[in-house]
Amino acid sequence: RSTLFPYTTLFRSPYSDIRLVADAVAMSPVRVPATRTAYSPRLRSGLALGMTTALSVVSVVSVLSVLPLSAQTQSADSAWRAGNYAAARVEYQRVLAQDSTSTRSLYRLAVLTSWDNKLDSSLMLIRRARALEPLDPDLRFTEAQVLSWASEFDASLQKWDSLLLLMPERRDAALARARTLAWANRFNEAGAAYEQLIQRDSTDPAAYVGRGQVYAWKGDHSAAIADYERALRIKPNDADALVALAQLHHWQGRNELARAELGAVLQADSTNREARQVSRLVRAAVRPRIDVGAGWNRDSDENQTLWQSLGSSMMLAGGLRGFVNAGLAQLDDPFRDANRITGEVAATYAFANLQATAGVGARRLEASDSDQRSETTGRASLSWRPAPSAGVGIGWSHYPFDETALLIGSGLDLDNVDLAADVDVTPSFSVSAGGGRTWFSDGNERTGFLLAATKRLSPRWFVGVLGRTFSFDEPGVGYFSPDRYTLLEGRGGYSYAKGGWSARATAGLGGQKVADNGVQVAWRAELRGAYSWSAINRLELFGGTTRNAGTSVAGAYQYWSAGVSVVVGL
């Protein structure tokens with residue numbers, strides 16, 4: 001389990017359409033520290049696996065050193081010392097079957113269970129052990145630690161404060177308390193706590209690494225690097241400092257520097273879990289990749305689309321990644337059919353807190369009841385994250401209005417500008433907002449806004465609410481263009497991940513109002529399932545349905561979609 005990085009990425013993907021923004025900011029669970037995520041927003045980071053700090057190992061040893069050993073316990077301890085944790089788990093379970101008061105077995109099973117991210121079960125075992133040894137400081141330490149991993153920050157901080165009141169000399173507890181404050185996004189308090197530790201002992205690299213992480217999460221990269229370098233001057237080749245520095249350079253797109261820093265750590269200790277997991281993220285960022293997708297959608301007005309896509313991307317230089325995308329779609333309705341062929345070349349440049357994207361392409365449009373035509377496309381976006389908990393972005397795009405067979409033959413083009421912002425008010429509560437203006441080549445214009453809030457109830461469950469409105473200046477021909485459309489929807493979801501498997505179910509229920517018509521019921525449901533076999537390689541299936549007039553450009557009341565996507569690293 002990582003003690004360093006609660007965030008796996010500094011940037012969120014740019015967007016090109018206000019409806020995509022609505023899905024991205026309102027349907028996904030709150031972005032939470034990667035050590036506790038089931039994601040995101042936003043893939044499950046490998047940083048959530050295992051407990052790696054020497055302090056935790058010391059705690060395990062010290063709490064058990066005075067207990068008498070049975071033959072069964074000796075066998076379990078031998079397996080533990082050999083790193084055979086599966087066998088140790090079985091042996092400790094056997095000990096507990098014979099003696100339910102074995103604190104050693106309860107403790108080590110709690111540790112093993114926490115490594116599996118079963119934090120509720122781990123806490124139950126720790127509390128059973130504490131009932132037997134209520135004053136043991138190391139049991140109290142571990143309970144506070146697991147509570148912080150479970151995002152129960154207030155409860156964790158109460159435990160840290162209680163322990164430090166009795167044992168103020170425990171620097172490991174003070175460091176862990178400061179780290180919990182940082183994970184809770186209480187950056188100013190965390191920074192002050194690390195500053196106190198530095199004033200007490202200016203030669204402790206762990207305090208500088210911790211404060212550096214606070215600076216990094218606040219977006220002050222230069223101050224973060226300065227603290228990491230201080231830690232390395234005190235302790236050259238300090239693993240925590242090098243891994244933290246590599247993570248920061250990875251956020252900045254400076255992956256060659258990150259590789260060198262991680263290489264130094266892994267050369268000294270090839271089993272360092274955090275270095276190995278950050279190394280996988282770095283390799284994933286620089287490897288070329290192929291993206292293949294296919295899908296189907298249909299609405300209740302009998303507009304239907306079958307689409308296929310193929311894309312490839314690769315690193316061109318430090319922070320610069322290039323993309324090539326192509327697509328084919330077959331569209332039809334009861335009166336006509338059409339084809340759409342697309343191609344695009346694009347690039348993204350990321351540095352520090354900024355990310356810029358630009359792309360240019362072309363589309364070939366063919367409809368059975370109109371002439372063929374080709375149109376140039378373009379897009380550009382800029383996003384800025386002053387801190388991992390807050391970001392803003394602006395995007396522009398130009399493309400043909402070609403989402404149905406009728407529209408492909410209409411000859412309409414769009415120019416679109418979107419703005420978006422998001423902020424994590426607390427680690428479990430986020431608010432997002434967006435707005436945009438679209439200019440149609442027939443002279444019409446559309447203005448839209450949305451506001452979403454999401455609350456994470458547990459690592460797997462979340463709820464939220466979405467409000468969306470858009471309006472057109474004039475009625476358009478062949479597309480849904482009310483003078484006012486309003487949607488208010490409550491949403492919720494469940495996500496699950498184990499090993500390489502993951503699944504997410506989301507649903508929403510609310511009301512919609514079109515022009516001066518009465519309020520109608522609106523709802524949606526979506527299911528996604530995926531299997532990942534590396535930091536890049538991923539297979540995902542998805543499907544969903546909605547009863548929402550704003551989902552389809554034709555204003556159809558019901559909409560269905562399904563598809564598959566595959567990402568393979570080269």
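Preceding this section is the structure that the text describes.
Keep in mind the model is a prediction, meaning the values are calculated, not measured. Every chain is numbered independently, its residues counted from 1 as its sequence is written. In keeping with the model being predicted, local features are shown solely for residues with a pLDDT of at least 70 and side-chain atom pairs are shown and tallied solely at 80 or more, while totals for entire chains, interfaces and linings include all residues. Excluded from the side-chain calculation are hydrogens and water; included are all heavy atoms of the structure.

Trainee: Hey, could you run me through the packing of helix α14 (residues 255-268) against helix α15 (residues 273-286) in this one?
Mentor: Any two packed helices are characterised by the angle at which their axes cross and by the distance between the axes. In contact at an axis separation of 10 Å, α14 and α15 are set at 150° when each is read in the N-to-C sense. The angle between α14 and α15 places the two elements in the roughly antiparallel class. Judged by the sense of rotation from one axis to the other, the crossing of α14 with α15 is left-handed. The segment α14 lies against α15, with Asn255, Ala258, Arg259, Leu262, Val265 and Leu266 engaging Ala275, Arg276, Val278, Ser279, Val282, Ala285 and Val286. Ten residue types, Ala, Val, Leu, Ile, Met, Phe, Trp, Tyr, Cys and Pro, are classed as nonpolar, four, Asp, Glu, Lys and Arg, as charged, and the remainder, Gly among them, as polar. Each residue belonging to the contact of α14 with α15 can be placed in one class, and the counts come to nine nonpolar, two polar and two charged. Axes here mean lines fitted to C-alpha atoms, for a helix over just the part in contact, with angles spanning 0 to 180 degrees between N-to-C directions. Secondary structure elements are taken from DSSP: a helix is a run of H or I of four residues or more, a strand is a run of E of two residues or more, and numbering for both begins at the N terminus. Roughly parallel here means an angle under 35 degrees, roughly antiparallel means over 145, roughly perpendicular means 65 to 115, and every remaining angle is called oblique. By convention the crossing between two helices is left-handed if the near helix lies anticlockwise of the far one by an angle smaller than a right angle, and right-handed if it lies clockwise. Contact criterion: two residues are considered in contact whenever any of their non-hydrogen atoms come within 4.5 Å of each other.

Trainee: What is the right way to look at the packing of helix α7 (residues 137-149) against helix α8 (residues 153-166) in this model?
Mentor: Put simply, α7 and α8 touch, their axes get as near as 8 Å, and they point 155° apart. The orientation of α7 relative to α8 falls into the category roughly antiparallel. In terms of crossing hand, the pair formed by α7 and α8 is left-handed. Every residue of α8 that contacts α7 at Pro137, Arg140, Phe141, Glu143, Ala144, Gln145, Leu147 and Ser148 is listed here: Phe153, Ala155, Ser156, Lys159, Trp160, Ser162, Leu163 and Leu166. Grouping the amino acids of the contact of α7 with α8 by side-chain chemistry returns nine nonpolar, four polar and three charged.

Trainee: It is not clear to me how the pattern of salt bridges should be interpreted in this structure. Could you clarify?
Mentor: For side chains bearing opposite charge, pairing can occur when the charged atoms are close. Only one rule defines a salt bridge in this text: a Lys or Arg side-chain nitrogen within 4 Å of an Asp or Glu carboxyl oxygen. Enumeration according to the criterion identifies 36 salt bridges in this entry. Here glutamate 189 makes a salt bridge to arginine 186, at a shortest N to O gap of 2.8 Å. Summary of the burial criterion: residues with accessible area below 20% of their type's maximum are buried, those above 50% are exposed, and those between are partly exposed, where the area comes from a 1.4 Å probe applied to protein chains only. Glutamate 189 gets classed as partly exposed once you look at its relative accessible area, which sits at 39%. Look at arginine 186 and you get partly exposed, because its relative accessible area is 30%. When the shortest N-O distance is used, the salt bridge between aspartate 402 and arginine 363 registers 2.8 Å. Here arginine 363 lies in strand β5 (residues 354-367) and aspartate 402 lies in the loop between β7 (390-400) and α16 (405-408), a separation of 39 residues in the sequence. Through salt bridges with shared partners, a single network forms among Arg504, Glu526, Arg528, Arg538 and Glu540.

Trainee: Where do I start with a nonpolar patch on the surface in this structure?
Mentor: Patch building starts from residues that exceed 30% relative accessible area and form no salt bridge, then joins like charges within 9 Å and nonpolar side chains (Val, Leu, Ile, Met, Phe, Trp, Tyr) within 5 Å. Per-residue accessibility takes into account occlusion by the displayed protein chains alone, with areas from the Shrake-Rupley method and a 1.4 Å probe. A contiguous nonpolar surface patch, about 540 Å² in accessible area, is contributed by Leu354, Leu382, Trp384, Val392, Ile394 and Leu419. At the level of elements, β6 (373-387) and β7 are the ones that each hand at least two residues to the nonpolar patch. Relative to the assigned elements, isoleucine 394 resides in strand β7.

Trainee: In this structure, what is going on with α14? I would like to understand it.
Mentor: Along an α-helix, residues three or four apart share an orientation, since each turn contains 3.6 residues. In this analysis, the expected span of each helix is defined as 1.5 Å times one less than the number of residues it contains. With 14 residues, α14 should cover 20 Å at 1.5 Å per step; its first-to-last C-alpha distance of 20 Å lies within 8% of that length. When we look at burial in α14, the residues that qualify are Asn255, Ala258, Glu261, Leu262 and Val265. Seen from one end, α14 has its buried residues packed into an arc of 125°, which puts them on one side. Exposed residues on α14 whose side chains face more than 90 degrees from its buried face are Glu256, Ala260, Gln267 and Ala268. Tucked inside the fold, the buried residues of α14 contact α13 (239-251), α15 and β2 (304-317). Throughout, the arc means that of the directions going from the helix axis to the C-beta atoms.

Trainee: Mind showing me how you'd approach unusual backbone geometry here?
Mentor: Leaving glycine out, the prevailing phi sign among residues is negative, and the prevailing peptide bond configuration is trans. In this model, asparagine 185 sits at a positive phi of 65°, which is unusual for a non-glycine residue. You can see asparagine 185 is positioned in the loop between α9 (171-183) and α10 (187-200). Accessibility expressed as a relative area gives 16% for asparagine 185, which makes it buried. Phi at glutamate 302 is positive, roughly 70°, even though this residue is not glycine. Along the polypeptide, glutamate 302 turns up in the loop between β1 (289-299) and β2. Relative accessible area serves as the criterion here: at 41%, glutamate 302 is assigned to the partly exposed category.

Trainee: What should I look at first to understand the environment of serine 397 in this one?
Mentor: Locating serine 397 in the fold gives a position in strand β7. Residues serine 397 and alanine 358, 39 residues apart in the sequence, show an inter-C-alpha distance of 9.6 Å.

Trainee: Help me understand the side chain of serine 279 in this model?
Mentor: Along the chain, serine 279 falls in helix α15. Serine 279 has contacts with Leu262 and Leu266, leaving out every residue within four places of it along the chain.

Trainee: Can you help me understand the side chain of serine 122 in this one?
Mentor: Looking at the element boundaries, serine 122 is found in helix α6 (residues 119-132). Residue classification places serine 122 among the buried residues on the basis of a relative accessible area of 0%. A polar atom in the side chain of serine 122 sits 2.8 Å from the backbone oxygen of alanine 110. Apart from the residues within four sequence positions on either side, serine 122 is in contact with Ala110, Thr113, Ser114 and Val146. Identification of polar contacts relies on pairs of N or O atoms within 3.5 Å, with a donor-acceptor requirement for protein atoms, meaning one able to donate a hydrogen and the other able to accept it, and with residues adjacent in sequence counted only if both atoms are side-chain atoms.

Trainee: Sorry if this is basic, but what is going on with the environment of arginine 177 here?
Mentor: With respect to the helices, strands and loops of the structure, arginine 177 is situated in helix α9. The spatial distance from the C-alpha of arginine 177 to the C-alpha of glutamine 158 is 9.5 Å, given a sequence separation of 19 residues. Apart from the residues lying within four places of it in its own chain, the contact partners of arginine 177 are Leu157, Trp160, Asp161, Leu164 and Ala193.

Trainee: So what exactly am I meant to see when it comes to the nonpolar core here?
Mentor: One broad rule of soluble globular proteins: the nonpolar side chains tend to lie buried together. We call a set of buried Ala, Val, Leu, Ile, Met, Phe, Trp, Tyr and Cys residues a nonpolar core when their side-chain atoms join them within 4.5 Å. By size, the foremost hydrophobic cluster in this structure holds 70 residues, and its most contacted members are Trp80, Trp160, Ala216, Trp217, Tyr228, Leu248 and Leu262. In this structure, Leu407, Leu412, Val514 and Ala549 belong to the second largest nonpolar core, which totals 16 residues.

Trainee: Where do I start with α10 in this structure?
Mentor: Given a rise of 1.5 Å per residue, 14 residues ought to cover 20 Å, and the 20 Å separating the end C-alpha atoms of α10 matches this to within 8%. Within α10, burial applies to Phe187, Ala190, Gly191, Ala193, Tyr194, Leu197 and Ile198. When α10 is viewed along its axis, its buried side chains cluster within an angular range of 160° and face the same direction. Opposite its buried face, α10 presents the exposed residues Asn188, Gln199 and Arg200, each directed more than 90 degrees away. Structurally, α10 contributes buried residues whose contacts are with α9 and α11 (205-218).

Trainee: Is there a simple way to think about the packing of aromatic side chains in this case?
Mentor: Two measures describe an aromatic ring pair: the distance that separates the ring centres and the angle between the ring planes. A pair of Phe, Tyr and Trp rings is counted when the ring centres sit within 6.5 Å of each other, with Trp represented by its six-membered ring. The angle between the planes then sorts it: under 30 degrees is stacked, over 60 is edge-to-face, the rest tilted. Here the structure, examined in full by the defined rule, presents 18 aromatic pairs. When the centroid spacing of 5.5 Å and the interplanar angle of 70° are considered together, the rings of phenylalanine 401 and phenylalanine 440 count as edge-to-face. Placement of phenylalanine 401 in the loop between β7 and α16 and of phenylalanine 440 in strand β9 (residues 429-440) is noted, with a sequence separation of 39 residues between them. Between phenylalanine 440 and phenylalanine 472, the aromatic rings sit 5.6 Å apart at their centres with planes inclined by 50°, giving tilted as the arrangement. Of this pair, phenylalanine 440 sits in strand β9 while phenylalanine 472 sits in strand β11 (residues 461-472); the two residues are 32 residues apart in sequence, bridging distant segments of the chain. By relative accessible area, which is 6% here, phenylalanine 472 ends up buried. One aromatic cluster in this structure is built from Phe401, Phe440, Phe470, Phe472, Tyr479, Phe480 and Tyr485. Definition used: whenever NZ (Lys) or CZ (Arg) falls within 6 Å of the ring centre and also within 35 degrees of the ring normal, the charge is taken to sit over that ring. We note arginine 528 situated over the ring of phenylalanine 542; from NZ or CZ to the ring centre the distance is 4.7 Å.

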